[in-house]
Amino acid sequence: SVAIGLIGDDEIFDEAMAIGFSNWGIGDHIGRVGDSFAYYKLSHVWLGPIIEITNAPPMIMTTSVLPLTVFTFIGMALWGLSYQIFRTNIAAGIAAILFFIQSAFPEPEYLAIRVAQCLVIVYFLSAITALMKKWTTDLMEALVASLFIFVIAGTRAQYGLFVLIGLAIYKVVHLIQRKAS
């Protein structure tokens, strides 16, 4: 169809992977035909059941309904993170609004976010917000950090690395500040 021709190859790949996981399971899907390499499974697993349950025509869910829904969650998570940092509604609101209007920027300045990558952004922002909390024990903080890093790395490996590096930097700065005082 003409509409499918207007959609990029990445979106078609995401839809095919999601439907493949839904129909054939996580161990035997379209991305593994003739190859044993497992491609970012967790970023596609959540899409398949949603696409299958709705019985929507191809590409409708992944190009309209899901982006709107997940971008709303991303906006809320970004608002929560911004509020946690700045402690004002105005700054938090500006951060969330900037996320939504960035897609109207010229091509080099906007973030091209695919639906399959949206959930990892929610995980990423949630992890940052959760790890900013003052934990009562170091063990509890380590368990929460390990869980988030595992889930995020399973979804997009490089984002898990960002969380790990960011957490390490945060801990070093926190340790230096504690020794200074």
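Heads up: the structure comes first, above all this text.
As the structure is a prediction and not an experimental result, all values here were calculated from the model.

**Brief notes about the side chain of Ser 82**
- Topologically, Ser 82 is positioned in helix 5 (residues 60-86).
- Classification of Ser 82 as buried rests on a relative accessible area of 7%.
- Ignoring anything within four residues of it in the chain, the contact list for Ser 82 reads Arg 87, Ala 91, Ala 92 and Ala 95.

**So, helix 5**
- If you check helix 5, its first and last C-alpha atoms are 38 Å apart, about what 27 residues at 1.5 Å a residue would give, namely 39 Å.
- Along helix 5, the sharpest kink reaches roughly 45°, centred on Leu 66 and followed within four residues by the proline Pro 67.
- Listing the buried residues of helix 5 in full gives Met 61, Thr 62, Leu 66, Pro 67, Val 70, Phe 71, Ile 74, Gly 75, Ala 77, Leu 78, Leu 81 and Ser 82.
- Once helix 5 finishes, Arg 87 follows within two positions and takes phi at roughly 60°, a positive value.

**Details of the packing of helix 5 against helix 7 (residues 115-131)**
- With their axes 9 Å apart at the nearest point, helix 5 and helix 7 run at an angle of 15° to one another. In terms of orientation, helix 5 and helix 7 fall into the roughly parallel class. For the crossing formed where helix 5 meets helix 7, the hand is left-handed. On helix 7, the residues that touch Thr 62, Leu 66, Pro 67, Val 70, Phe 71, Phe 73, Ile 74, Ala 77, Leu 78, Leu 81 and Gln 84 of helix 5 are Val 115, Cys 118, Leu 119, Ile 121, Val 122, Leu 125, Ile 128 and Thr 129.
- Among the residues making up the contact of helix 5 with helix 7, the classes are represented as 16 nonpolar, 3 polar and no charged.

How each quantity is defined
Residues numbered from 1 in each chain as written. Predicted model: local features only at pLDDT ≥ 70, side-chain atom pairs only at ≥ 80, totals over all residues. Heavy atoms only, no water. Helix = DSSP H or I, 4+ residues; strand = E, 2+ residues; numbered from the N terminus. Buried < 20%, exposed > 50% of the residue type's maximum accessible area, 1.4 Å probe, protein only. Contact = heavy atoms within 4.5 Å. Expected span 1.5 Å × (residues − 1). Bend = angle between axes of the 7 residues up to and from the residue. Axes fitted to C-alpha atoms, helices over the stretch in contact; angles between N-to-C directions. Parallel < 35°, antiparallel > 145°, perpendicular 65-115°, else oblique. Left-handed = near helix turned anticlockwise from the far one by under 90°. Nonpolar A, V, L, I, M, F, W, Y, C, P; charged D, E, K, R; others polar.

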